[in-house]
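Residue-level structural notes
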Amino acid sequence: EKFLTRTARHECGHAVINILSGNIPSYITIEARGNMGGYMEMSQEEKEAPEYTREELIWRIRTALGGRAAEIVCYGKNGGISTGASNDLRAATNIAKNMITCYGMDEVFGLAVMTDEEIIGSSELRKRVNCILAEQLEETIKLINENRTLFDKLFDGLMLKNRLTGEEISALINT
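Residues numbered from 1 in each chain as written. Predicted model: local features only at pLDDT ≥ 70, side-chain atom pairs only at ≥ 80, totals over all residues. Heavy atoms only, no water.

The next point concerns the packing of helix H1 (residues 2–20) against helix H3 (residues 54–79). As a packed pair, H1 and H3 sit with axes 7 Å apart at the nearest point and diverge in direction by 140°. With respect to their mutual orientation, H1 and H3 come out oblique. Considering only the axes of H1 and H3, their crossing is right-handed. Where H1 approaches H3, its residues Thr5, Arg6, Arg9, His10, Gly13, His14, Ile17, Asn18 and Leu20 are matched on the opposing element by Trp59, Arg62, Thr63, Ala64, Gly66, Gly67, Arg68, Ala70, Glu71, Cys74, Tyr75 and Gly79. Of the residues in the contact of H1 with H3, the class split is seven nonpolar, nine polar and five charged. (Axes fitted to C-alpha atoms, helices over the stretch in contact; angles between N-to-C directions. Helix = DSSP H or I, 4+ residues; strand = E, 2+ residues; numbered from the N terminus. Parallel < 35°, antiparallel > 145°, perpendicular 65-115°, else oblique. Left-handed = near helix turned anticlockwise from the far one by under 90°. Contact = heavy atoms within 4.5 Å. Nonpolar A, V, L, I, M, F, W, Y, C, P; charged D, E, K, R; others polar.)

This paragraph deals with helix H7 (residues 148–161). Between its first and last C-alpha atoms H7 spans 20 Å; for 14 residues at 1.5 Å apiece the expected length is 20 Å, and the two agree. Residues of H7 that are buried in the fold lie against H1, strand S1 (27–29), H3, helix H6 (123–146), strand S3 (163–165) and helix H8 (166–173). Within two residues after H7, Asn162 carries a phi angle of roughly 70°, on the positive side. (Expected span 1.5 Å × (residues − 1).)

Where H7 contacts H8, the two axes come as close as 10 Å, and the packing angle between them is 135°. Our classification of the angle between H7 and H8 gives oblique. With respect to the hand of their crossing, H7 and H8 are arranged in right-handed fashion. Along the contact surface, H7 presents Leu150, Lys153, Leu154, Gly157 and Lys161, while H8 presents Glu168, Ile169, Leu172 and Ile173. Here the contact of H7 with H8 is built from residues that sort into five nonpolar, one polar and three charged.

Further remarks concern the sheet that holds S1. The sheet built from three strands is open, its strands ordered S2-S1-S3 with antiparallel pairing. With partners counted over all chains shown, the strands left at the sheet margins are strand S2 (39–41) and S3, one partner each. Taken pair by pair, the neighbouring strands of this sheet meet at an average axis angle of 5°, ignoring direction. Sheet topology note: the S1/S2 ladder contains three bridges and is antiparallel. By the bridge assignment, Thr29 is partnered in S2 with Tyr39. (Pairing = 2+ DSSP bridges.)

For the rest of this paragraph, the subject is the packing of aromatic side chains. Summed over the entire model, instances satisfying the criterion amount to one aromatic pair. Between Arg9 and the ring centre of Phe155, over which it is positioned, the NZ or CZ distance is 4.8 Å. Between Arg163 and the ring centre of Tyr27, over which it is positioned, the NZ or CZ distance is 4.1 Å. (Phe/Tyr/Trp six-rings, centres within 6.5 Å; stacked < 30°, edge-to-face > 60°. Lys NZ or Arg CZ within 6 Å of the ring centre and 35° of its normal.)

Attention now moves to the environment of Gly13. One can find Gly13 in helix H1. Given a relative accessible area of 0%, Gly13 falls into the buried group. Once the C-alpha coordinates of Gly13 and Asn87 are considered, the two residues, 74 residues apart in sequence, prove to be 15 Å apart. Look past the residues within four positions of Gly13 in its chain and what remains in contact with it is Gly66, Gly67, Ala70, Ile144 and Phe151. (Buried < 20%, exposed > 50% of the residue type's maximum accessible area, 1.4 Å probe, protein only.)

What follows is the structure, given as structure tokens:
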């Protein structure tokens, strides 16, 4: 029960941020899948977009960090740091790294594209990625706190059914 509650809060964190970015997830679930306790599936349109703006990538980082942010909001700074966010952190890190090294979307690193050789062992790149992730985690925590009513609606619905479809999510947020 404790694990399901924590998983539901984690997944609702992803979903709230995804909704705030202008998207409705295809579904969220707390039914275990592989090595994950729960999962939020992005909409097909969001997954299949041919390209992304800087702002859209920032929202994708926030969505990835939404689970950890929700756990911090619900369990505090110490209790909210769990291993449940490992795949999410990997995804957020990759987006931030690519924004810097491939897409020329970082004011600190500029427009230059970096090769794999330049990336390996770059402590400046690591610091910059960490800086972006830390800034976006703080923003994501703030967004969840500001949208606590929406978060609680999704959490209650998810605890009741274990899985919510995009249609059910839309119905919940419009009530």
